[in-house]
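Structural overview
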Amino acid sequence: MQKLKLLVISCIVFLTGCNLRVLDPKSETARDQSFLIQFSFALMMIVFAIVIILFIWFISKYKQNEQNKDYIPPDDKGSPWLEITWTVLPFILLAILAVPTVSITFEQSAQIEATPTDAVQIEVTGRQFSWTFSYENGVEAVNDLRLPVDRPVEFTLRSEDVIHSFWIPKLGGKKDLIPGKTRRMIVTPEETGTYQGKCAEFCGREHAQMRFTTTVMEQGEYQQWLEEMKEKIE
């Protein structure tokens, strides 16, 4: 028991050092995805609790003792209602989970969603083992992504070599970059701050180093940064 406590405490301490927090959303996209995770977890906990309660009840009820150790119960053909219940219930739970999952997935599909008129356009190129971000005024930055707060951003995603996956956990779910294809992703950051991003698809020996920093800034600061970077390359 003592070892189990040490293991749990060690895991908690270890996880507190992780900055890739999906359950701390900073955009509507990430918030919807966080809701799906928590909703799925809640349903799983309901099923888990029912199974554990039945498990303990059966063990307690049918435990062998001096009175029943020689008793052989008659053959029971079962209950049609119980069999229907435990057959239908999983379908109902899956349907409850499927409705919000399909709805949110459909709404967040950039192939369906129209580009907002005031969206910031940023081209993202993934290559082993770095990210290049190209802005509308010609500025490029490596592993350094800057975004304005409260303004939609449309990412155009491409890969130059192998499959990568663009992921900023606090702003939105990951999107795969497939060589030869162009993909889109739209998010609207709602809070300034610095967030980690990374490649979420194993892409080679230095995959773990394929990270980038995302800085969400006030819109004025964002424009100033773009102008300063533009002056440096001219």
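Predicted model only: the values in this text are computed from it and were never measured. (Residues numbered from 1 in each chain as written. Predicted model: local features only at pLDDT ≥ 70, side-chain atom pairs only at ≥ 80, totals over all residues. Heavy atoms only, no water.)

1. Some remarks on the pairing of strand β1 (residues 120–127)
Our working definition: Being paired, for any two strands, means DSSP has found at least two bridges between them. Segments assigned H or I by DSSP are reported as helices when at least four residues long, segments assigned E as strands when at least two residues long, and all are numbered from the N terminus.
As paired elements, β1 and strand β5 (residues 153–159) share seven bridges and run parallel to each other. Pairing of Val120 across the sheet is with Val153, part of β5. Both β1 and strand β2 (residues 130–135) contribute to a ladder of six bridges, which runs antiparallel. From the neighbouring strand, Gly126 faces β2, where its bridge partner is Trp131. Taking the residues that link successive antiparallel strands as the turn, the β1-β2 hairpin has two residues.

2. Remarks on helix α3 (residues 80–107)
Basically, it comes down to this: By this rule the span expected of a helix is its residue count minus one, scaled by 1.5 Å. The angle between axes fitted to the seven-residue stretch ending at a residue and the seven-residue stretch beginning at it gives the bend at that residue.
Here α3 spans 41 Å end to end across 28 residues, near enough to the 40 Å set by a 1.5 Å rise per residue. The largest bend in α3 is about 25°, located at Ala98, with the proline Pro100 one to four residues further on.

3. Points about the state of the cysteines
Here is the rule we go by: Disulfides are defined in this document as cysteine sulfur pairs within 2.5 Å.
All chains considered together, the criterion is met by zero disulfides. Free of any disulfide, Cys199 has its nearest neighbouring cysteine sulfur in Cys203, separated by 4.0 Å.

4. A look at the packing of aromatic side chains
As a reminder, the rule being used: Any two rings among Phe, Tyr and Trp, with Trp reduced to its six-membered ring, count as a pair given centres within 6.5 Å; such a pair is stacked if its planes are under 30 degrees apart, edge-to-face if over 60, and tilted if neither. Accessible area is worked out with a 1.4 Å probe on protein chains only. A residue is then buried under 20% of its type maximum, exposed over 50%, and partly exposed in between.
Scanning the model with the defined rule gives 11 aromatic pairs in all. Pairing Trp131 with Phe212 gives two aromatic rings, centres 5.6 Å apart and planes at 70°, and the pair type is edge-to-face. Taken as a pair, Trp131 in strand β2 and Phe212 in strand β10 (residues 211–217) lie far apart in primary sequence, 81 residues in all. Across the pair, Phe212 and Trp131 agree in class, each one buried. For Phe212, a relative accessible area of 3% gives the class buried. Through successive ring pairs, a cluster of aromatic residues spans Trp131, Phe133, Phe155, Phe166 and Phe212.

5. Regarding the UniProt feature "domain: Cytochrome oxidase subunit II copper A binding" (unreviewed entry) in the chain
Applied cut-off: UniProt positions are given in the numbering used here, feature names are shortened, and annotations may be inferred rather than shown by experiment.
Mapped onto this structure's residue numbering, the UniProt feature "domain: Cytochrome oxidase subunit II copper A binding" (unreviewed entry) falls at residues 117–228. Helix makes up 9% of residues 117–228 and strand makes up 53%, while its end C-alpha atoms are separated by 25 Å.

6. Observations regarding the nonpolar core
Short version of the rule: To define a nonpolar core, start from buried Ala, Val, Leu, Ile, Met, Phe, Trp, Tyr and Cys residues and group those joined through side-chain atoms within 4.5 Å. Only heavy atoms enter the contact rule, under which two residues are in contact if any of them lie within 4.5 Å.
Grouped together as the largest cluster of nonpolar side chains are 30 residues, with contacts concentrated most on Ile122, Trp131, Phe133, Tyr135, Leu145, Phe155 and Phe166. Setting aside its immediate chain neighbours within four residues, Phe133 contacts Ile122, Glu123, Val124, Val139, Glu140, Ala141, Asn143, Asp144, Leu145, Phe166 and Phe212.

7. Things to note about helix α4 (residues 219–233)
Here is the rule we go by: The arc in question is the one traced by the directions running from the helix axis out to the C-beta atoms.
With 15 residues, α4 ought to run about 21 Å at 1.5 Å a step, and its terminal C-alpha atoms sit 22 Å apart, in line with that. For α4, the full list of buried residues reads Tyr222, Trp225 and Leu226. Axial view of α4: buried residues confined to an arc of 100°, hence all on one face. Residues Glu227 and Glu231 are exposed on α4 and point more than 90 degrees away from its buried face. Looking at the packing, one finds that the buried side of α4 touches β1, β2, β4 (144–148) and β10.

8. Observations concerning the side chain of Ser159
Counted only if it meets this: Any N or O atom pair separated by 3.5 Å or less is treated as a polar contact, with the protein-specific requirement of one donor-capable and one acceptor-capable atom, and with residues adjacent in sequence counted only for side-chain atom pairs.
Here Ser159 is to be found in strand β5. Residue classification places Ser159 among the buried residues on the basis of a relative accessible area of 10%. In terms of polar contacts, Ser159 uses its side chain to reach the backbone amide nitrogen of Asp161, at 3.3 Å. Here the side chain of Ser159 touches Val162 through a polar contact of 2.4 Å, landing on its backbone oxygen.

9. Let's talk about the sheet that holds β2
We apply this condition: Throughout, an axis means a line fitted to C-alpha atoms (over the contacting stretch in the case of helices), and angles, computed between N-to-C directions, take values from 0 to 180 degrees.
Reading across from one edge, β3-β2-β1-β5-β8 is the order of the five strands in this open sheet, with mixed pairing throughout. The strands lining the two open edges of the sheet, one partner per strand, are β3 (140–142) and β8 (183–187). Taking each pair of neighbouring strands and ignoring which way they run, the sheet shows an average axis angle of 25°. This element, α4, spans β1, β2 and β3 of the sheet and lies at about 100° to β2.

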